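In case you want the letters, here they are:
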Amino acid sequence: MDAVSGLLTTPILPWSIAGVCVIALVVALVRVRKPGNAVDDAVLEAVYLMAKAPLELREGLDQAAADKVAARLLQLLKCLAVGITDGEGTLLSWDGEANEHYADLVDPIGTSIRKHRREVVSHDKMPCNHRGTCKMRTAVIVPLIVEDRTEAALIVVGRTRGKRIVHMADAVARFVGTQLEAARLEETKHQLHQAEIKALRAQISPHFVYNALNTISSLIRTDPEEARELLQDFADFTRYCFRTEGTFTTLSDEMRNVDRYLTIESARYGGRLNVRLRIAPEVQSVVLPFLLIQPLVENAVKHGIANKPGGGTVTVTAQDHGTEAEISIEDDGLGMDPALLDGMRDSRSSAHIGLTGINRRMNQVYSNRYSLMVETAPGAGMKVTMRVPKFVRGVRPDMLNFAAEVPAQGPRRAAGPRAGLPDGAPNAS
């Protein structure tokens, strides 16, 4: 046993000592290199934490957002103070110490914003009543430039002098600038959506308005109850289409508006327009862009059925398709040459057909993964199909209160032939 234990312990002891020495050497090297690489470590830590951090500035730069960003940067940089101004130099937030020196930085901040350059201010060049005890040594002011315009200025106040604090301020300014760029892109995207919606509202045919009112007026004497109901449908339809707020809605609310439109058109065309709505209950809560379906239905009526002798049928279907909702608008009207359709789809002058604008809006919201699918031929009608994902990050139903605001109505009489409505499907008839 003694021989065996000796064989086991003899090699173990030197390796243990060697291991301890290696660990001690690594610790010593880390301690030696830590000051020289503090900037790199700080930048890497900033990259890691800022990448995980929520984008506080995605909604724009205001005092609340500036307070959050300043507090986060102070924690990341472990500096004396962090300040953020707007594009005019007005202070939005200051977190940390040395706030009495902000007044001394007003002129350098103005210079940085005006000349689009970094300014470094030494404490030695500032008046200070506590020069012996003041912790401030350097202030770095970096303009945050987005699209050649200074949107804000970042102020980093350090306890030390030298390039270290300057590099730290530059690195962090790039992160904050990226967030401001994201906010600008988000705002541009929202403005583009609003412009598309305004264009769609402008495309609501004045002839439809005139014909709807003419149809209602013709029923006032012969069928006043039906005239009253159609007038309510017309009021709700225009109220939905022309409301100023809301980019997204639910499929249920969109289909209610489609049903109102088809009710009015059915009264106008009489037996020449048949309507079928097949809406699966499980997809009614799917969120989609506002006024995505109604323009396509209007095209089916206006270009497919209106000029067809004897009229025809418009069928709108919405059904479950796994992680997506599949929506189709089909008519058995005149149809068109597919080659002509291809040319019109890529042309901005083809707004009257509706496909260009709708397809562009879908690409903006859902990227190029989702586009319209069109089947048509002369004399064979047209079928437009779209698939909408059931969930998309950032897409929320901001028009959910519309249905609740619409006054409750009593039982309705159908203005024209309608079929295929399942229980729970949106229907104003």
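Here, every reference points to the structure presented above.
Quick summary incoming for the structure in this document.

Definitions and cut-offs
Residues numbered from 1 in each chain as written. Predicted model: local features only at pLDDT ≥ 70, side-chain atom pairs only at ≥ 80, totals over all residues. Heavy atoms only, no water. Helix = DSSP H or I, 4+ residues; strand = E, 2+ residues; numbered from the N terminus. Buried < 20%, exposed > 50% of the residue type's maximum accessible area, 1.4 Å probe, protein only. Contact = heavy atoms within 4.5 Å. Areas by Shrake-Rupley, 256 points an atom, 1.4 Å probe, with all protein chains shown as cover. Expected span 1.5 Å × (residues − 1). Salt bridge = Lys/Arg side-chain N within 4 Å of Asp/Glu carboxyl O.

Scanning the chain from terminus to terminus reveals twelve helices and 13 strands. Looking at the chain as a whole, 46% of its 429 residues qualify as buried. Contacts in the chain between residues at least 24 apart in sequence constitute 69% of all its contacts with a sequence separation of at least 6. Carbon and sulfur atoms make up 56% of the accessible area of the chain, which totals about 22400 Å².

Attention now goes to the environment of L77. Relative to the assigned elements, L77 resides in helix 3 (residues 63–77). In this structure the C-alpha to C-alpha distance between L77 and G158, which are 81 residues apart in sequence, comes to 9.2 Å. What L77 contacts, discounting residues up to four positions off in sequence, is V156, M168 and V172.

Bringing helix 9 (residues 294–305) into the picture now. Between its first and last C-alpha atoms helix 9 spans 15 Å; for twelve residues at 1.5 Å apiece the expected length is 16 Å, and the two agree. With ten of twelve residues buried, helix 9 is to be regarded as a mostly interior element. Considered for burial, the residues of helix 9 that qualify are Q294, P295, L296, V297, E298, N299, A300, V301, G304 and I305.

A word on the pattern of salt bridges. Pairs can form between side chains of opposite charge whenever their charged atoms are close. In the structure shown here, the tally under the stated rule is seven salt bridges. The residue R268 makes a salt bridge to E265 at a minimum N-O spacing of 3.8 Å. Taken together, the residues span about one helical turn, with R268 and E265 both in helix 8 (residues 251–269) at a distance of three residues. The exposure class assigned to E265 is buried, which follows from its relative accessible area of 5%.

Shape descriptors only; they carry no functional weight alone.
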